[in-house]
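Structural overview for review
One-letter residues, chain by chain:
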Amino acid sequence: MVDATAPEERRNLSNPEDCSREARRILQDNDRGGYTVPSPALYPFQWNWDSCFVALGWATFDEARAWQEIESLFNAQWPDGMVPHIAFHREDSGYFPGPDVWGTESLWDGSLAVQTSGISDPPVAASIALKLWRGARDRDQAQAAAERLYPKLLAWHRWFHSARDPQSDGMVAILHPWESGRDNSPDWDAALNPVPTDGLPPFERRDLDRIDADQRPRHDQYNRYLSLILSLKGAGYEPKAAYDASPFKMVDIGTLSILRRADRDLRHLAEDLGHKDDLAELQDWEARGDAALDRLWDEQAGVFRSYDLSAEAMSDSATSASFLPLYAGNPGPERTARLVEVLQRWTERTAYPLPSFDPGDSRFDRLRYWRGPTWGIVNYMIAEGLSENGHGEWAARLARSTADLVRQSGFWEYFDPISGRGLGGDRFTWTAAMWLAWAKHFAED
Ligand code: DGY
């Protein structure tokens, strides 16, 4: 297994100043010239939502570089508005599935500026762009960058609200677990079962060259991930054909919440920049998002859940994404209070919250990626939501938990919520960015 920093070189991270120096160094080391890779050996390309969170880290010491991070992502945007989850800027055989598997090269008459995957990612970009814009020290630079980005963001949101919501009822679907960013979450277990795996071509996973298998998705899930890619590719990635053909159609409570907030934040950007003609369309999306979120509330359990459109059934799990409607906006005081009760129960069972899955569920697995570990970026979004919904103390607890994890273990991709041990990729870019932009302000002496 690769550990990017040998222990003797590992810097003392108990001091917040040293932590910040190391976090900046991680961003610089993982910079490939205009975009930042999440982890050079494990994820050697540009990832969509990673880049957006990472822009917040860059903004703490290099505003121009922060804008460039997002703009480089949008260079990979498809003509139909979709922004892919991976932009393969350079060749690298160390990752599966690479561009040959996705086969997007010949799309759009071969006119794509960069080879890409064929699915999208949680649309955090508009929310991050609004933060960069409103917090910018260099106003001229921000004005120019925000004006360039705005139509691209609008086109991406239009794609979500049409390609992935053909009924126009707000139930925006993801067609692959990777589109949620929470690849092996128990949210997808039941929906993945019927995905066919017969006759798949042989393939070699590369993630297991670098990370212990008990921290990564299982093989049967990888078979299904590949099968779903081949189904989308078979439909030529044409939105209607892909939607109809996909055996996996989930309304992910995480993506839905992130999109709901991003629609609102894009409206704020439109207002600030004077794009009045778009406001009605944006408000319409917000209303649809609210209606869909309302349908995903489980009154008995006191949490929000994802929804399987194919099986017409709620997912049977409560995951960290169940709290993201707090980030979406305002779930109302009663629902917020119920969510905080569940938060309280989960944190009583884990020293380093927030676990990505209910620690009381028999499927909870403290090591395995999105089936238990704590993730800094999710803590950040939930904390934003908690503080905006009147629970500042809870928001601070999640921030302190994230800061403690970094200082105790380092900048890992994710963490064991019980011991605090670092898991997945080391010197991970978005964890460094979350430290710089957020958690460091809550580090205690
Ligand atoms: C992976 O390869 O593990 C990614 O999460 C998919 O984008």
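Rules behind the numbers
- Residues numbered from 1 in each chain as written.
- Predicted model: local features only at pLDDT ≥ 70, side-chain atom pairs only at ≥ 80, totals over all residues.
- Heavy atoms only, no water.
- Core = buried A, V, L, I, M, F, W, Y, C linked by side-chain atoms within 4.5 Å.
- Buried < 20%, exposed > 50% of the residue type's maximum accessible area, 1.4 Å probe, protein only.
- Helix = DSSP H or I, 4+ residues; strand = E, 2+ residues; numbered from the N terminus.
- Polar contact = N/O pair within 3.5 Å; in protein donor to acceptor, adjacent residues only side chain to side chain.
- Salt bridge = Lys/Arg side-chain N within 4 Å of Asp/Glu carboxyl O.
- Near = heavy atom within 4 Å.
- Areas by Shrake-Rupley, 256 points an atom, 1.4 Å probe, with all protein chains shown as cover.
- Nonpolar A, V, L, I, M, F, W, Y, C, P; charged D, E, K, R; others polar.
- Phe/Tyr/Trp six-rings, centres within 6.5 Å; stacked < 30°, edge-to-face > 60°.

**As for the nonpolar core**
Core analysis: the largest hydrophobic core is formed by 140 residues, its most contacted members being Phe 53 and Trp 435. The greatest single-element share of this core, amounting to 11 residues, is contributed by helix H6 (residues 139–163).

**A word on the side chain of Arg 427**
Looking at the element boundaries, Arg 427 is found in the loop between strand E10 (422–423) and helix H16 (429–437). Within the local environment of Arg 427, its side chain forms a polar contact with the side chain of Glu 22, the two groups lying 3.1 Å apart. At 3.1 Å, the side chain of Arg 427 forms a polar contact with the side chain of Asp 29.

**Things to note about the pattern of salt bridges**
The final tally for this structure, using the stated rule, is 40 salt bridges. The salt bridge involving Glu 63 is made with Arg 137; its shortest N-O contact spans 3.3 Å. Placement of Glu 63 in helix H3 (residues 63–74) and of Arg 137 in the loop between helix H5 (125–135) and H6 is noted, with a sequence separation of 74 residues between them. Classification of Arg 137 as exposed rests on a relative accessible area of 58%.

**Points about the site of the ligand**
Taken together, Tyr 43, Trp 47, His 85, Tyr 95, Trp 178, Asp 183, Arg 216, Tyr 222 and Tyr 369 make up the full set of residues near the ligand. The fraction of the free accessible surface of the ligand (230 Å²) that becomes covered by protein chains is 94%. Split into classes, the residues belonging to the shell around the ligand amount to six nonpolar, one polar and two charged.

**Overview of unusual backbone geometry**
The step from Phe 96 to Pro 97 runs through a cis peptide bond, and the omega angle for that step is 0°. Among the structural elements, Pro 97 can be located in the loop between strand E2 (86–88) and helix H4 (99–102). Of note, the phi angle at Tyr 237 is positive, near 60°, even though the residue is not glycine. One can find Tyr 237 in the loop between helix H8 (219–234) and helix H9 (239–245).

**Focus: the packing of aromatic side chains**
The geometry of an aromatic ring pair is captured by two quantities: the separation of the ring centres and the angle between the planes. If you walk through the whole model with that rule in mind, you get 32 aromatic pairs. Seen in terms of ring centroids, Tyr 43 and Phe 428 are 6.0 Å apart; in terms of plane orientation they differ by 85°. Their pairing is edge-to-face. Of this pair, Tyr 43 sits in the loop between helix H1 (16–29) and strand E1 (46–47) while Phe 428 sits in the loop between E10 and H16; the two residues are 385 residues apart in sequence, bridging distant segments of the chain. Here Tyr 43 falls in the buried class, since its relative accessible area comes to 8%. Look at Trp 49 and Trp 430: their rings are 5.4 Å apart centre to centre, the planes differ by 85°, and that puts the pair in the edge-to-face class. In this pair, Trp 49 is assigned in helix H2 (residues 48–59) and Trp 430 in helix H16, connecting sequence segments 381 residues apart.

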